[in-house]
Amino acid sequence: MGRDFRWLLASSWTSNIGDGVALAAAPLLIASMTSSPILVASGAVLQFLPWLLFGLHAGAIADRFDRRRLVMFANAARAVVLAALCVFLITGTANIWIVLAVAFLYGTAEVFVDTAASTLLPMLVKPADLGIGNARLQAGYLVANQFAGPPLGAFLFAAGAAWPFLLEVLCVLLAVMLVSRMAATPVPPRAESAAKPAVHTDIAEGIRWLWRNPPVRMLVLIILLFNVTWAAPWGVLVLYATEHLNMGAVGFGMLTTASAAGGLLATFCFGWLERHVSFASLMRVALSLEVAMHLAFALTTTGWVALVIMFVFGFYAFVWGTISTTVRQRLVPPQLQGRIASVNMVGVFGGMVIGQALGGVIAQVWGLTAPWWFAFVGAAITLLLVWRPISHIVNAKPALTETGSIAVIAEDIAEDGGAQSNEP
């Protein structure tokens, strides 16, 4: 798929190793400094708070500058923040407030890294290769971030609090070096105007384009709603696993491993699925399995059954995530990729915030299985509403540009009668 794609892939995998190390080391570091549930929870909140605060601005900035350089600069900022944390840890001057501040600054830089990086693939490969390209990038997330990184981070933290973060600094710097080997990514063409509009004007333009483009708008709305229903039980999953299923701490960790294993299997199957099954059918199957997954969790009382459910979840969640990203990238013009991707991510994290808040209240009032029933009913209703529009999303024509202005060409296509081509 080309030299530049290989550099992007290597950079993504390397960065994910560092993120996976931090996935285990960061909570351990916070827990070693405080026993306050509020402060421990604050560390988790800071993972998505920067997206809600800066996500839209990151998208507008990604559409203004060389995206490769933006990834490099933002990753360099992450390395500086981590290096400062290492200094505090080594000198023994670190405290919980410094760690939380570092988490916020690191998360803010990560918003700009992830937003800009998500726009690079459509600039490097042909539209027909976006599916397999996204699958290979996601495989790196599963292997490095979910499998290899967390155990390594926990092991290094046991050896010394600074070691996992020193390794993460090296991984981030290596990712910068690898992505620098790519060719420059020119700023996508804009309207013929010497002066750039204000950032908020760019954000408003992206939101207007999204609102006027029914297929992409519906795709973002689907992701938002299903994240609300998904996050409701996921916010209390640790209590559900340890108290309702009596799986213990190790069993709870095995649920995440089972999910990652299912996703890893999906990486090997995705190419075959893309060639033999239409995207519309795959999306419907994935969302149907989401509904069934909530119902299964609501009914089961056995740990090994929960592990099987999580394995299936990991498989179809990978397929859904890869397809939805691919479809969005095919439909959005190059000069709007950053802004639309950022709106999508704000919807993802906004849905998680709403869902977790609802799930906590529901579990407190009606018990630990109640959030699963809420998710089942909500996801089932959503699936019925979006069943037909899914074909319109998949078969929409890419939006075109005319002298810098955005001309939305997203025609509704009649319901398909069988397997369709996944070509744009």
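Here the structure is a predicted model, which means the values were calculated and not measured.

### Quick notes on the overall build of the protein chain
Of the regular secondary structure elements, the protein chain holds 16 helices and 2 strands. Put simply, the protein chain has 424 residues, and 51% of those count as buried. Looking at the protein chain alone, contacts between residues at least 24 apart form 87% of all its contacts between residues at least 6 apart. Roughly 18,500 Å² of accessible area belongs to the protein chain as shown, and the carbon and sulfur atoms make up 70% of that amount.

### Things to note about the packing of aromatic side chains
By the definition in use, this model includes 12 aromatic pairs. Measuring from centroid to centroid gives 6.4 Å for Phe270 and Phe318, while their planes differ by 85 degrees, and the two rings are edge-to-face. Of this pair, Phe270 sits in helix H11 (residues 248-276) while Phe318 is found in helix H13 (residues 303-331), placing the two residues 48 residues apart along the sequence. Judged by its relative accessible area of 0%, Phe270 is buried.

### Side note on helix H7 (residues 163-180)
Compared with the 26 Å implied by 1.5 Å per residue over 18 residues, the 26 Å span of H7 between its first and last C-alpha is a close match. Listing the buried residues of H7 in full gives Pro164, Phe165, Glu168, Val169, Cys171, Val172, Ala175, Val176, Leu178 and Val179. Packed against the buried residues of H7 are helix H1 (3-33), helix H3 (67-91), helix H4 (96-118) and helix H6 (130-159).

### Comments concerning the nonpolar core
Within the largest apolar cluster, 81 residues are counted, with the highest numbers of intra-cluster contacts made by Trp234 and Phe297. Examining the composition of this core, we find that 11 residues originate from one element, H13, more than from any other. If sequence neighbours within four positions are ignored, Trp234 has contacts with Met293, Phe297, Met310, Phe313 and Trp372. Core analysis: the next-biggest nonpolar cluster, separate from the first, contains 22 residues, Ala79, Phe157, Ala162 and Val172 among them.

### What about the packing of H1 against H3?
A pair of packed helices is captured by two measures, namely the crossing angle of their axes and the spacing between those axes. Viewed as axis vectors pointing N to C, H1 and H3 meet at an angle of 35 degrees, and their least axial separation amounts to 14 Å. Every pair of crossing elements has a handedness; the one defined by H1 and H3 is left-handed. Residues Ser15, Asp19, Leu29 and Met33 of H1 form the contact with H3, whose own contacting residues are Arg78, Leu85 and Leu89. Taken together, the residues of the contact of H1 with H3 break down into 4 nonpolar, 1 polar and 2 charged.

### Quick word on unusual backbone geometry
A positive phi angle, close to 55 degrees, is found at Asn246, a residue other than glycine. When you line up the elements, Asn246 lands in the loop between helix H10 (237-244) and H11.

### Quick notes on the confidence of the model for the protein chain
Note: predicted coordinates in regions of low pLDDT should not be interpreted at a detailed level. Of all residues in the protein chain, 89% attain a pLDDT of 70 or more, and the chain-wide mean is 83. Across the protein chain, the secondary-structure element scoring lowest on mean pLDDT is strand S2 (residues 405-407), at 39, and the one scoring highest is helix H12 (residues 279-299), at 95. Here residues 401-424 is a poorly scored stretch, pLDDT under 50, and it has 50 contacts once near neighbours within four places are set aside; other chains count.

### Brief notes about the packing of H1 against H7
At a minimum axis separation of 8 Å, H1 and H7 run at an interaxial angle of 160 degrees. Judged by the inter-axis angle, H1 sits roughly antiparallel to H7. The way H1 lies across H7 gives a crossing that is left-handed. Of the residues contributing to the contact of H1 with H7, the split by class is 16 nonpolar, 4 polar and 2 charged.

### Re a nonpolar patch on the surface
Residues Leu265, Val285, Leu289, Trp304, Val308, Phe311 and Val312 make up a contiguous nonpolar surface patch of roughly 610 Å² in combined accessible area. Within the residue set of the nonpolar patch, elements represented by two or more residues are H12 and H13. When residues of the nonpolar patch are assigned to their parent elements, the largest contribution, 4 residues, is made by H13.

### Remarks on the pattern of salt bridges
The tally for this structure, following the rule as stated, stands at 9 salt bridges. Its salt-bridge partner being Arg3, residue Asp4 comes within 3.4 Å of it at the nearest N-O pair. On the basis of relative accessibility, which here comes to 18%, the residue Asp4 falls in the buried class. Residues Glu110 and Arg78 are paired through a salt bridge, measuring 3.4 Å at the closest nitrogen-oxygen approach. In this pair, Glu110 sits in helix H4 while Arg78 sits in helix H3, placing the two residues 32 residues apart along the sequence. The buried category is assigned to Arg78, whose relative accessible area is 1%.

### Looking at the side chain of Ser11
Residue position: Ser11 is located in helix H1. On the basis of relative accessibility, which here comes to 5%, the residue Ser11 falls in the buried class.

### Digging into the side chain of Glu168
Within the secondary structure layout, Glu168 lies in helix H7. For the buried residue Glu168, which engages in no salt bridge, the nearest side chain bearing the opposite charge is Arg78, 5.3 Å off. A polar contact of 2.6 Å, which involves the side chain of Glu168, links it to the side chain of Tyr106. Those residues in contact with Glu168 that lie beyond four places of it in its chain are Gly18, Asp19, Ala22, Leu82 and Tyr106.

What counts and what doesn't
- Residues numbered from 1 in each chain as written.
- Predicted model: local features only at pLDDT ≥ 70, side-chain atom pairs only at ≥ 80, totals over all residues.
- Heavy atoms only, no water.
- Helix = DSSP H or I, 4+ residues; strand = E, 2+ residues; numbered from the N terminus.
- Buried < 20%, exposed > 50% of the residue type's maximum accessible area, 1.4 Å probe, protein only.
- Contact = heavy atoms within 4.5 Å.
- Areas by Shrake-Rupley, 256 points an atom, 1.4 Å probe, with all protein chains shown as cover.
- Phe/Tyr/Trp six-rings, centres within 6.5 Å; stacked < 30°, edge-to-face > 60°.
- Expected span 1.5 Å × (residues − 1).
- Core = buried A, V, L, I, M, F, W, Y, C linked by side-chain atoms within 4.5 Å.
- Axes fitted to C-alpha atoms, helices over the stretch in contact; angles between N-to-C directions.
- Left-handed = near helix turned anticlockwise from the far one by under 90°.
- Nonpolar A, V, L, I, M, F, W, Y, C, P; charged D, E, K, R; others polar.
- pLDDT = per-residue confidence, 0-100.
- Parallel < 35°, antiparallel > 145°, perpendicular 65-115°, else oblique.
- Patch = residues over 30% accessible without salt bridge, like charges linked within 9 Å, V, L, I, M, F, W, Y side chains within 5 Å.
- Salt bridge = Lys/Arg side-chain N within 4 Å of Asp/Glu carboxyl O.
- Lys, Arg positive; Asp, Glu negative; His and termini not counted.
- Polar contact = N/O pair within 3.5 Å; in protein donor to acceptor, adjacent residues only side chain to side chain.

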